[in-house]
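Spelled out from the first residue to the last, the chains are:
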Amino acid sequence: MAYEPAQEIVDAVGGPDNIASLTHCATRLRFQLKDGDKADKNTAEKIPGVLGAVPQSGDRFQVVIGGGVQNVYNEIMALPAMAGVGTGGGAAASGGGGAGESDADIKARERAKGPRGTNAWLDTLFEFLSDSFRPILGALLGASLFITFMALMATLDVIPAWNAPGVTLDPSWAFVNLMWQCVFVFLPLMVAYNASQKIGADPWVGFAIMAVLMLPGFSGLATGVDKTPLFGFEQAQVAIVQIWGLPMPIADYSSQVFPPLLMAAVLGPLYKLLRKLIPENVQLIFVPFLAMLIMIPLTAFLIGPIGVYVGAGLASALAAINSFSPFIFAIVIPLAYPFMVPLGLHWPINAIMLLNIQTLGYDFIQGPMGAWNFACFGATAGVLFLAWREKDKDMRQTATGALAAGLLGGISEPSLYGIHLRYKRIYPRMLVGCLTGGLIIGIGSLILGLPNGITTQAFVFTSLLTIPAFNPIGLYAIAVLGAFVVAMVLVVISGYKNPADAEPALAGATTATEHARIAGGAADEAAAVSNVAGGEELLPGTGAGVAGAAGGAAAGAAAGSATALATKGEGEATDVGALIQVASPLDGTAVGLDTVPDPVFAGGVMGPGVAVEPTGDTVYAPGAGTVVAAQPTGHAFGLQLDNGVEVLIHVGIDTVNLKGEGFDVKVKNGDRVETGTPLVTFDRAVIEKAGYPLITPVIVLNGDAFDTVDPVKLGPVSHGEPLLDIQKKA
């Protein structure tokens, strides 16, 4: 969705001035408005990409997007008019977890587990590094494809070795070569801009400071001067030129990243100091001038050379480790990356890769790193296969996008944050793939006598398109293929869903499934929410039940303010044609679903069933089975009944917003229950005071597996008495 529809959504809810806050769950935007009457439901539903709109009480308004909600949310928040609007952290703000978390939520959660989560200065450091590189990843990716193309042409003997010393290319091919050099030669300027901006200084001032060291005239100062090792370090060769009687080291700063990073780290505090000392009315003139006056000589004489020295030192240290044992190095790198990336610790390694290419003429890290990337992509392919087989529409969409980004772009983040960190069963299988790829590289290097293992002469993203950039190509291709296939097969065989994921997934569902729209997109919404909520993730077969109940409109379960799920187990199935009865989970009055003040339940999208207006304060198990999803907040429970019925129980409408207040949960995931086992007690006064309806839908999610699902009777009912008659198909 482009910016125009994003602006249209904002306009449809009354404009930015009417938005108090905006969050998102797994499938929908959640607006807290200042005046709910200003939102136009019909206008919102006509916007391209919008599946539906649901006005709610309390000046709340939901816009149903589906799987692309994260992108739409980002585009809306990027609008200049939204700069002052508050956010609630996406799904996390709603108490979601697991499948309901946004990628940013998962990234923050994983990083909190490592050293970055306990050391503020370390977190600041790595955020500084990542934000210095992240904005230019697109340019780096584009340049890497040009490099791969040149490498492929050289491999096919179309052109000579394009990056070998002394080789002169035809002007046409030389021009193609410039298409990637423009990025890497001027990389220090890009890094200087981003780093200066991150640190709070004028980014163009940082750019200008670093640009001095990139000028042909600056390097020309060393004409005729022999280069010497900087501080005795052979890998850092500089020419020493006397400037004002002081020795200035002149180095080649193209492709260097540590000098601009160090420069920005000093420029930031200096800029803040100058702003404090200089009156506001003349800051525009004198702050940049004085910053450049101080920083240009300081960078040329001291910071730049130190950056060259530090970078060369780090690169040489890793090179020494690789030279000592390429076999060990090839195994350690792919096994370390799955833990480094979630913590954001991989960014400095990218800088070292660039330095390796500049100082050594090749890089030895990207080859083993490819084993990790392709193991990651293989695990995603396994998830995609299972999603297709299980007709999990939402996961199919997520995995397809993540796999395309990986195989074509070498980008692992969509797979990592969108899938792998949400389902913990994936990581062990993926690590086996990493180990497989690393072993192939290590053993192959020993057999072929490769002193540095697999190498590349360019900084590329490890994808299918960049395989020709690695040497030897054959060994690298076998290694990444092995990593990919092993990870994929293991995920397909073992599955990626874990019963332990039920609780966090249901937590995400309680926010992702509130008030789905029925008309003009109920099918897509129901399917998307089912997968997020756990219709496929937690309970095999749930999606099918909803699809039947919705008349084929949905492939999975849909929404509600609180979602309780239950599913058919792997035990014995009910005899064909048998009559099954599900007991009432509450004391109260049985009423038709069409009386429920929620469009999804009232329209039957979730499936057939009945609702109960409770007169008591306790919810009981409606049959013998297992608790598979006991929401800690008490508003949602899921049972896997022994008779094969999948039951969905919603304790009230919108009670998720109480965040557990007034609920006393009696069971937990995995508990065995019998008919009449208490699940939760609730304080009616708390719920009624908050203005939430107590009416509780009881839904059969796998309704299409049965011939009929009918209420036994409407009217007064006690818990344990028959509530639903379910006839198995003949």
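Look up a bit, the structure's there.
The sections below set out a description of the structure shown in this document. (Residues numbered from 1 in each chain as written. Predicted model: local features only at pLDDT ≥ 70, side-chain atom pairs only at ≥ 80, totals over all residues. Heavy atoms only, no water.)

Time to look at the overall build of the protein chain. In terms of helices and strands, the protein chain carries 24 helices and 24 strands. Residues classed as buried in the protein chain amount to 55% of the 730 residues present. Contacts spanning at least 24 positions in sequence make up 74% of the contacts within the protein chain whose residues lie at least 6 apart. (Helix = DSSP H or I, 4+ residues; strand = E, 2+ residues; numbered from the N terminus. Buried < 20%, exposed > 50% of the residue type's maximum accessible area, 1.4 Å probe, protein only. Contact = heavy atoms within 4.5 Å.)

The next subject is the side chain of Thr618. Here Thr618 is to be found in strand E14 (residues 618-620). Side-chain polar atoms of Thr618 contact the side chain of Asp617, separated by 3.2 Å. Other than its neighbours up to four places away in sequence, Thr618 contacts Pro585, Leu586, Pro678, Val680, Thr681 and Phe682. (Polar contact = N/O pair within 3.5 Å; in protein donor to acceptor, adjacent residues only side chain to side chain.)

Its place among the elements puts Gly703 in the loop between strand E21 (696-700) and strand E22 (706-711). The class for Gly703 is buried, based on a relative accessible area of 11%. Note: C-alpha distance between Gly703 and Lys728 (25 residues apart in sequence) is 9.7 Å.

By definition, the strands of a sheet pair up through backbone hydrogen bonds, in either a parallel or an antiparallel sense. Read across the open sheet, the three strands follow the order E14-E20-E18; overall the sheet is antiparallel. For this open sheet the edge positions go to E14 and strand E18 (663-665), each flanked by a neighbour on one side alone. Between one strand and the next, the sheet's axes are offset by a mean angle of 15°, whatever the strand orientation. Sheet analysis places E14 next to strand E20 (residues 678-682), joined by three bridges and oriented antiparallel. Counterpart to Val619 in the pairing with E20 is Val680. (Pairing = 2+ DSSP bridges. Axes fitted to C-alpha atoms, helices over the stretch in contact; angles between N-to-C directions.)

Under the counting rule described, the total for this entry stands at nine aromatic pairs. For the pair Phe329 and Phe364, a centre-to-centre distance of 5.5 Å together with 65° between the ring planes defines the contact as edge-to-face. A residue pair is termed long-range when its members are at least 10 positions apart, and Phe329 in helix H13 (residues 326-343) and Phe364 in the loop between helix H14 (347-359) and helix H15 (366-389) qualify at 35 residues. Comparing Phe329 with Phe364 shows no difference in burial state: the two are buried. Three or more aromatic residues link up through ring pairs in this structure, and these residues are Tyr193, Trp204 and Phe207. A cation sits over an aromatic face here: Arg396 above Trp388, 4.4 Å from the ring centre. (Phe/Tyr/Trp six-rings, centres within 6.5 Å; stacked < 30°, edge-to-face > 60°. Lys NZ or Arg CZ within 6 Å of the ring centre and 35° of its normal.)

A word on the side chain of Thr655. Within the fold, Thr655 resides in the loop between strand E17 (646-650) and E18. Take Thr655: its relative accessible area is 1%, and that puts it in the buried class.

All right, on to the packing of helix H11 (residues 258-277) against helix H12 (residues 283-324) then. Where H11 meets H12, the axes come as close as 7 Å, and the angle between the chain directions of the two elements is 150°. Taken together, H11 and H12 sit at an angle that is classed as roughly antiparallel. Relative to H12, the crossing made by H11 is right-handed. Of the residues assigned to the contact of H11 with H12, the class counts are 20 nonpolar, five polar and one charged. (Parallel < 35°, antiparallel > 145°, perpendicular 65-115°, else oblique. Left-handed = near helix turned anticlockwise from the far one by under 90°. Nonpolar A, V, L, I, M, F, W, Y, C, P; charged D, E, K, R; others polar.)

Our focus in this paragraph is the nonpolar core. Within the largest apolar cluster, 80 residues are counted, with the highest numbers of intra-cluster contacts made by Phe184, Tyr337, Ile365 and Trp372. The dominant element in this core, judged by the number of residues it contributes, is H15, at 13 residues. Excluding its chain neighbours within four sequence positions, the residues that come into contact with Ile365 are Leu318, Phe329, Ile333, Ile349, Ile352, Met353 and Asn356. (Core = buried A, V, L, I, M, F, W, Y, C linked by side-chain atoms within 4.5 Å.)

Moving on, we get to the sheet that holds E22. The strand order across the open sheet formed by three strands is E11-E24-E22, and the pairing between neighbours is antiparallel. Two strands in the sheet have a free side with no partner beyond their single neighbour: strand E11 (579-583) and E22. Averaged over all pairs of adjacent strands, the angle between their axes in this sheet comes to 20°, without regard to strand direction. With five bridges connecting them, E11 and strand E24 (residues 722-728) associate as antiparallel partners. Pairing of Gln581 across the sheet is with Asp725, part of E24.

Moving on, we come to the pairing of strand E16 (residues 636-641). Two faces make up the sheet, and in a regular strand the side chains alternate between them. Most of E16 sits out of view: five of its six residues are buried. In this structure, strand E15 (residues 625-630) lies alongside E16, joined through five bridges in antiparallel fashion. Across the sheet, the residue bridging to Ala629 is Gly638, located in E16. Once E15 ends, the chain turns through five residues before running back antiparallel as E16, passing Gly634 with a positive phi of about 85°. Sheet topology note: the E16/E17 ladder contains five bridges and is antiparallel. Across the sheet, Ala636 pairs through a bridge with His650, a residue of E17. Turn length for the E16-E17 hairpin, with the two strands adjacent in sequence and antiparallel, is four residues, and the turn residue Gly644 shows positive phi of about 95°.

Now for the pairing of strand E4 (residues 60-64). The buried fraction of E4 is high, at five of five residues. Taken together, the five bridges between strand E2 (residues 28-33) and E4 define a ladder with antiparallel strand orientation. From the neighbouring strand, Phe31 faces E4, where its bridge partner is Phe61.

Time to look at unusual backbone geometry. The step from Asn471 to Pro472 runs through a cis peptide bond, and the omega angle for that step is 0°. Turning to its location among the elements, Pro472 is positioned in the loop between strand E10 (470-471) and helix H19 (473-494). Within the chain, Asp157 stands out as a residue other than glycine whose phi angle is a positive 65°. Its place among the elements puts Asp157 in the loop between helix H6 (137-155) and helix H7 (171-185). Phi angles above zero are rare outside glycine, and Trp244 is one such case at about 55°. Structurally, the position occupied by Trp244 is in the loop between strand E7 (233-243) and strand E8 (246-250). Accessibility expressed as a relative area gives 76% for Trp244, which makes it exposed.

Before going further, it helps to spend a moment on a nonpolar patch on the surface. Taken together, Leu262, Leu302, Ile306, Tyr309, Val310 and Leu314 make up a surface patch of nonpolar side chains, about 440 Å² in accessible area. In terms of residue count, the dominant contributor to the nonpolar patch is H12 (five residues). Structurally, Leu302 can be placed in helix H12. A relative accessible area of 44% means that Leu302 is categorised as partly exposed. (Patch = residues over 30% accessible without salt bridge, like charges linked within 9 Å, V, L, I, M, F, W, Y side chains within 5 Å. Areas by Shrake-Rupley, 256 points an atom, 1.4 Å probe, with all protein chains shown as cover. Salt bridge = Lys/Arg side-chain N within 4 Å of Asp/Glu carboxyl O.)

It is the contact of H6 with H7, at a shortest axis distance of 8 Å, that shows an interaxial angle of 145°. Crossing of H6 over H7 shows left-handed handedness. Contacts between H6 and H7 involve Ala139, Leu140, Ala143, Phe146, Ile147, Phe149, Met150 and Met153 from the former and Trp173, Val176, Asn177, Met179, Trp180, Val183 and Phe184 from the latter. Within the contact of H6 with H7, the residues separate by chemical class into 14 nonpolar, one polar and no charged.

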